[in-house]
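As a plain string of letters, each chain reads:
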Amino acid sequence: MKADRKVGSIAPNGYDKLLAGAAGVLLAAVIVALARGYAQWPQVPAIVWAHLFTVLVSLALTPWMLLRPRRTKTHRLLGKIWVAAMVATAALSLLVKTINPGHFSIIHILSIFTLIMAPRVWLTARAHQVARHRATVRGLVTGALLIAGFFTLPPFRLLGGWLFG
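Residues numbered from 1 in each chain as written. Predicted model: local features only at pLDDT ≥ 70, side-chain atom pairs only at ≥ 80, totals over all residues. Heavy atoms only, no water.

1. Structural notes on the confidence of the model for the chain
A residue-level look at the chain finds 89% of positions with pLDDT of 70 or above and a mean pLDDT of 91. The lowest-confidence element of the chain is helix α1 (residues 2–5), averaging 48 in pLDDT; the highest-confidence one is helix α2 (residues 14–36), averaging 98. (pLDDT = per-residue confidence, 0-100. Helix = DSSP H or I, 4+ residues; strand = E, 2+ residues; numbered from the N terminus.)

Below, the structure written as structure tokens:
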């Protein structure tokens with residue numbers, strides 16, 4: 001691809017730094033919410049815990065992946081873990097139906113988007129399509145992690161209730 005030949009620097013740019021910072025803020029908010037909701041942990045279904053675990057893995061790895069050197073063995077290994085965590089997060093979220101009990105909600109659209117796009121992260125990396133890889137990663141971090149993540153923080157949602165309750 002022409003665009004991939006003219007990628008330029010693979011060093012983190014301002015948008016990467018913004019995404020990494022936002023992922024760090026969201027990770028901190030989730031950790032605080034979990035700590036504050038400790039008394040209610042036994043009432044949380046196992047599927048929600050599994051979903052939260054994979055989200056925490058994705059959020060924790062995101063700043064590292066966006067800010068650390070690329071094209072290294074560590075980046076490739078952590079990238080595979082990140083993609084697997086994103087796929088698991090999306091797949092598990094399809095089983096979480098607490099907003100509309102028994103039914104999907106609008107946020108599940110992001111789950112389908114993630115299930116389609118996460119493999120593209122890995123495939124574009126393997127094909128050395130740097131521009132497409134970078135764009136796909138940024139899209140997933142923006143939409144599937146940050147937008148979806150911040151939608152879990154209103155007070156009527158589990159994490160939001162724990163964080164602000």
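Continuing now.
2. Here we look at helix α6 (residues 130–150)
For α6, spanning 21 residues, the distance from its first C-alpha to its last is 28 Å, which sits close to the expected 30 Å at 1.5 Å a residue. Of all the bends found along α6, the most pronounced is centred on Val141 and spans about 25 degrees. (Expected span 1.5 Å × (residues − 1). Bend = angle between axes of the 7 residues up to and from the residue.)

3. Things to note about the environment of Ile10
Looking at where Ile10 falls in the secondary structure, it is placed in the loop between α1 and α2. With relative accessibility at 22%, the residue Ile10 sits in the partly exposed group. Spatially, the C-alpha atoms of Ile10 and Arg71 are 9.0 Å apart, while their sequence positions differ by 61 residues. (Buried < 20%, exposed > 50% of the residue type's maximum accessible area, 1.4 Å probe, protein only.)

4. Notes on the environment of Arg68
Take Arg68: it is sitting in the loop between α3 (46–67) and α4 (73–93). In this structure, the C-alpha to C-alpha distance between Arg68 and Ala11, residues 57 residues apart in sequence, is 8.4 Å.

5. Digging into the side chain of Arg70
With respect to the helices and strands, the residue Arg70 is situated in the loop between α3 and α4. Arg70 sits in the buried class, given a relative accessible area of 18%. A polar contact of 3.5 Å, which involves the side chain of Arg70, links it to the side chain of Asp16. Not counting chain neighbours up to four residues away, the residues in contact with Arg70 comprise Ile10, Ala11, Pro12, Asp16, Met65, His75 and Arg134. (Polar contact = N/O pair within 3.5 Å; in protein donor to acceptor, adjacent residues only side chain to side chain. Contact = heavy atoms within 4.5 Å.)

6. A word on a positive patch on the surface
On the surface, Lys73, Arg76, Lys80 and Arg126 cluster together into a positively charged patch. No other element matches α4, which puts three residues into the positive patch. By the secondary structure assignment, Arg76 is in helix α4. Under the relative-accessibility criterion, Arg76 is labelled partly exposed at 46%. (Patch = residues over 30% accessible without salt bridge, like charges linked within 9 Å, V, L, I, M, F, W, Y side chains within 5 Å. Areas by Shrake-Rupley, 256 points an atom, 1.4 Å probe, with all protein chains shown as cover. Salt bridge = Lys/Arg side-chain N within 4 Å of Asp/Glu carboxyl O. Lys, Arg positive; Asp, Glu negative; His and termini not counted. Charge placed at Lys NZ, Arg CZ, Asp CG, Glu CD.)

7. A look at the packing of helix α5 (residues 108–126) against α6
Each packed pair of helices is defined by two parameters, the angle between the axes and the distance between the axes. Where α5 meets α6, the axes come as close as 9 Å, and the angle between the chain directions of the two elements is 150 degrees. Considering their axes alone, α5 and α6 lie roughly antiparallel with respect to each other. α5 and α6 meet at a crossing whose hand is left-handed. Across from Leu110, Phe113, Thr114, Met117, Ala118, Arg120, Val121, Thr124 and Ala125 in α5, the residues of α6 making contact are Arg132, His133, Thr136, Val137, Gly139, Leu140, Gly143, Ala144 and Ala148. Along the lines of polarity and charge, the residues of the contact of α5 with α6 split into ten nonpolar, six polar and two charged. (Axes fitted to C-alpha atoms, helices over the stretch in contact; angles between N-to-C directions. Parallel < 35°, antiparallel > 145°, perpendicular 65-115°, else oblique. Left-handed = near helix turned anticlockwise from the far one by under 90°. Nonpolar A, V, L, I, M, F, W, Y, C, P; charged D, E, K, R; others polar.)

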